[in-house]
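Each chain is listed here by its residues.
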Amino acid sequence: MTRKATKPVSLFISKSHLTTESNKTGSWRFLRPRYHEKTAPCSVACPAAEDISRIELLTTRGLFKEAWETILMENPFPAVCGRICHHPCEKVCNRREFDEAIAIHTIERFLGETAARDSLKPSLERSPARKQKIAIVGAGPGGLAAAYFLARLGYACDVYEVMPEPGGALGWGIPSYRLVVAALKEEIARIAELGVGIHCGKELSEEFLAQAKNSYDAVFLGGAQRHGSRLDIPGEDSISVKDGLAFLQRVKKGDTPTLRGTVAVIGGGNTAVDVARCAVRLGAKALIVLQERLQDMAAFENEVRMALEEGVEILELCRPARIDTANGELLLTLQRMKVVDVDAQGKAHVSPDAGKTEAFRISRVFKALDTEAAEPWMNLPASDKGVLALPNTRLLRTAQGLPVVFGGDLATPVKSVSHAIASGKEAALALDVLFREGSDAILPRLTACTIGDGRSLSMEVYIGGPRSQRSSHVVRYNEINIDYFQFTPRIAQPRLLKEERIRSFAEIDLRISSNLAMQEAGRCFNCGICNQCDNCRLFCPDLAVKREKSPRGRGINYDYCKGCGICVKECPRNAMSLEEEKPE
Amino acid sequence: MKRVLEGSDAVAEAVRLAKVEVISAYPITPQTHIVERLAEFCANRTLNARFLRVESEHSALAALIGASSMGVRTFTATSSQGLALMHELLHWTSGARLPVVMAEVNRALAPGWNIWADQTDSLAQRDTGWIQLYCETCQETLDTTLQAFSLAERVNLPVMVMLDAFFLSHTFEPVDVPDQDTVDRFLPPFHPRFAVTPENPCSLSQMAPPNVYMEMRHSIHEAMQQTLDEFAAIEEDFENIFGRCHGALEAVQCEDAEVILVTSGTITSTARQVVEELRFQGEKVGILKIKLFRPFPVSLIRQALRCAQKVAVIDRNFSFGASGIFAQEVRAALYELAERPTIFGYIAGLGGRDVTSDTIEEIYRHTRNHASAEEESIWVGLHEVDHAIGNR
């Protein structure tokens, strides 16, 4: 085939091979974008200040060891917390306003389990050895966390525990359907590997505190709350009225008596819920007697929901009035309560509704009331004088001048495993500052390590890791560019069926696959941190965002950045900021 | 292979066969079927092209200007308001001499809101430097789209292929869809005369001061002039390979015609029936179908119309304050002739109103029965309206 020959078509255009780089268009800029990582709300809510958005980011990429180490930076108990932490992080997850919160605790547990399955050894930095030694009283989560962080800061620690095994309530109290013993043991072993001496079965007395000055430079007192308070009602001393904590302890040891009839559990905290759920597993019907309203119950919402699923009944606004024994059965008389006032926090104040009582035939009563310190000398000092009050600890000096930190359930505002861990970390950092810079430096140094506008302290910020570069601005939902996200349902935590649950003490929550974990972590907005999505570079109309060999992988060439702000706008997760250019 | 396709499908098949590399478009009725089909081709890998979804027609064309500058074959489709929104970049495309091909479904401009056939949208863009081709049938649409790529790339000018809304875009007709090997013989891969590539970094379309700007404009004009020959050459190749062609113009029974109807688009098909019927009645009438509107083929038009006594130009478009746009152009083309026919301008079928055989016969008879044309365009089939509506 031949085409008709035509003369060349006229083509006169402007085209240049000269570089335009000499025109430094960055001089036109009056706004300046910069990479500016910020704080995710979840990490503020986490008492242990875990870097959750980064944990999810690493999990998405299948970097499970790195993700696990990111937890370990702030919390020695990923496998434990993944199971039993009440995950306040999820309540403030920005993704809730989009579809559903990220299943942060499910991913944490997955990482903890993956590390155990693959026998991973963390590679965490440790500070050079320091000369001070610290004694820790109580091998609960608070004491063990204090030892863990102190050891990483270079201090020698000895942990003393009355019970034969370390772990505190995690070991003897939390039922195994929530926390398997193996998971706890592995995490404690890792703390011991740091060189922490854990001495169990030790009698501890006030004398110990007095003597400690001879061998130690400071003492941490963590927890040991075992004796429940009294109901102070007729019939309380009946043989069928038991202590809830003692019951849990017995069940955890493997002593599983058969229970019949209805057992009443007095109290509204997590212990009450645990007791009731154990009683259901042992064959009884369980009735929780609650003085306040159901919505004011102190127990964590998720635990209450699971208990109700398992058939536990909750009787709200009732207070035990007397217990009578008749024909081997108990008659529990309850005084009805009425709401007299609702405070600013929405919590009801109640008082007896005169004349209204009700009696129940029951087989047994478990008391699960507020606990108090095991020994009087472990109680917080009555006076605030000379006491440095921190969010989760109190620091003071003994008569002998020895610094003592009260932590764990003795001092935390919420009795939870993660608050106990927070108190251990707070104590470790406070003591390190005290030894290095003196007591006046404690508050300012710790305040500088607070995450966002919250109260949680970060070890990584304290030791000057990359996280210390982040702004404390907490990313809000309206700062997320949701155009880059799609509605995706949250992972459904696989669980034993209700019928299977109430027949045994087998762990309820089942493990998830790595695929599911990566998928769920991929839902995370990664609020405030760069996940190298490359939007800044792709959208830059001036090619002023360049790839470079830095951890972030990209940087801004201010010679040509005109400050249009597109990169900041298109950053899905608010990891950049646009600021007014300051004249030089 | 013969298939029954709507005009939108015919365009999409041609784009697939042309192995376009980058498509960018924004949906607008009645063009949407074209890009929907192309999106499917891209998704199922029938066509290995990047389909860029954008937020507006302005961005659609901007994206193609970028892609085309890098020397790849590009396509977009739009209609009416969408084309109007592209206006700024229409000038840019031709000024930058980029061979972008566009399917433009002729639809009325709002308000009043109207999605039906009307040519004013594309004719309003006649001065933007785009080659304009108006199609009559689905087959012609497929063939013209293929030719458009060849033409655009040979003259370095963008090409607009026009289809009447619904009458063509949504009407099914038997279409011969050629196989890929045959199309490859007609349309080789695009070898750009200039391109920005990472290997050949350069800047294009930068500042052109008064000492060169005029020459650049003249170069576009020259390329437009050369388009007439290039299009003829392309049609010849096309006919050699596919056995059919449609012509920049088509004269139907014009040799002895006393009255010639000038048409474009789908009105032509109806006119063919009317002319056949009138010829049967002994009337000396013919049709001149104008397909190539830019560049306007002046000498071909003079040749086709010079012997007629009267010419009736049917415009499905209007330039306010003037007349039908084809009529203006035809008048201007014939003005220099020493002896020229009387030219009648008729406005019909705006906003999708049917131009039936009765309408065309009425136009013919009005032309035949009047010795001289009015100055004003004649609006055919106007209804009585209540002008007081706007005051209520």
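Residues numbered from 1 in each chain as written. Chains lettered and ligands numbered in written order. Predicted model: local features only at pLDDT ≥ 70, side-chain atom pairs only at ≥ 80, totals over all residues. Heavy atoms only, no water.

A. Molecular detail of the nonpolar core. Residues and elements named next belong to chain A. Phe77, Leu111 and Ile136 are the most contacted members of the largest nonpolar core, which totals 92 residues. Here this core gets 10 residues from one element, more than from any other, and that element is helix 14 (residues 417-437). Apart from residues no more than four positions distant in its own chain, Phe77 is found in contact with Pro141, Leu144, Leu184, Glu187, Ile188, Ile191 and Ile421. (Core = buried A, V, L, I, M, F, W, Y, C linked by side-chain atoms within 4.5 Å. Buried < 20%, exposed > 50% of the residue type's maximum accessible area, 1.4 Å probe, protein only. Helix = DSSP H or I, 4+ residues; strand = E, 2+ residues; numbered from the N terminus. Contact = heavy atoms within 4.5 Å.)

B. Molecular detail of the packing of helix 2 (residues 52-60) of chain A against helix 6 (residues 104-117) of chain A. Residue and element names in this part refer to chain A. The contact between helix 2 and helix 6 brings their axes to 11 Å, and the two run at 60°. Taken together, the axis directions place helix 2 and helix 6 in an arrangement best described as oblique. Here the hand of the crossing between helix 2 and helix 6 comes out left-handed. For the pair formed by helix 2 and helix 6, the contact residues are Ile52, Ile55, Glu56 and Thr59 on the first element and Ile104, Ile107 and Leu111 on the second. Taken together, the residues of the contact of helix 2 with helix 6 break down into five nonpolar, one polar and one charged. (Axes fitted to C-alpha atoms, helices over the stretch in contact; angles between N-to-C directions. Parallel < 35°, antiparallel > 145°, perpendicular 65-115°, else oblique. Left-handed = near helix turned anticlockwise from the far one by under 90°. Nonpolar A, V, L, I, M, F, W, Y, C, P; charged D, E, K, R; others polar.)

C. Just unusual backbone geometry, in detail. Residue B:Ala110 is joined to B:Pro111 through a cis peptide bond whose omega torsion reads -15°. Mapped onto the elements, B:Pro111 comes out in the loop between strand 5 (101-106) and helix 5 (120-123). Looking along the chain, the bond that leaves B:Pro111 and enters B:Gly112 is cis, with omega of -10°. When you line up the elements, B:Gly112 lands in the loop between strand 5 and helix 5. Despite not being glycine, A:Asp534 shows a phi value in the positive range, around 80°. Along the chain, A:Asp534 turns up in the loop between helix 18 (514-521) and helix 19 (535-539). Under the relative-accessibility criterion, A:Asp534 is labelled buried at 9%. In this structure, A:Asn574 takes a positive phi of about 60° despite not being glycine. Among the secondary structure elements, A:Asn574 is positioned in the loop between helix 20 (566-570) and strand 22 (576-580).

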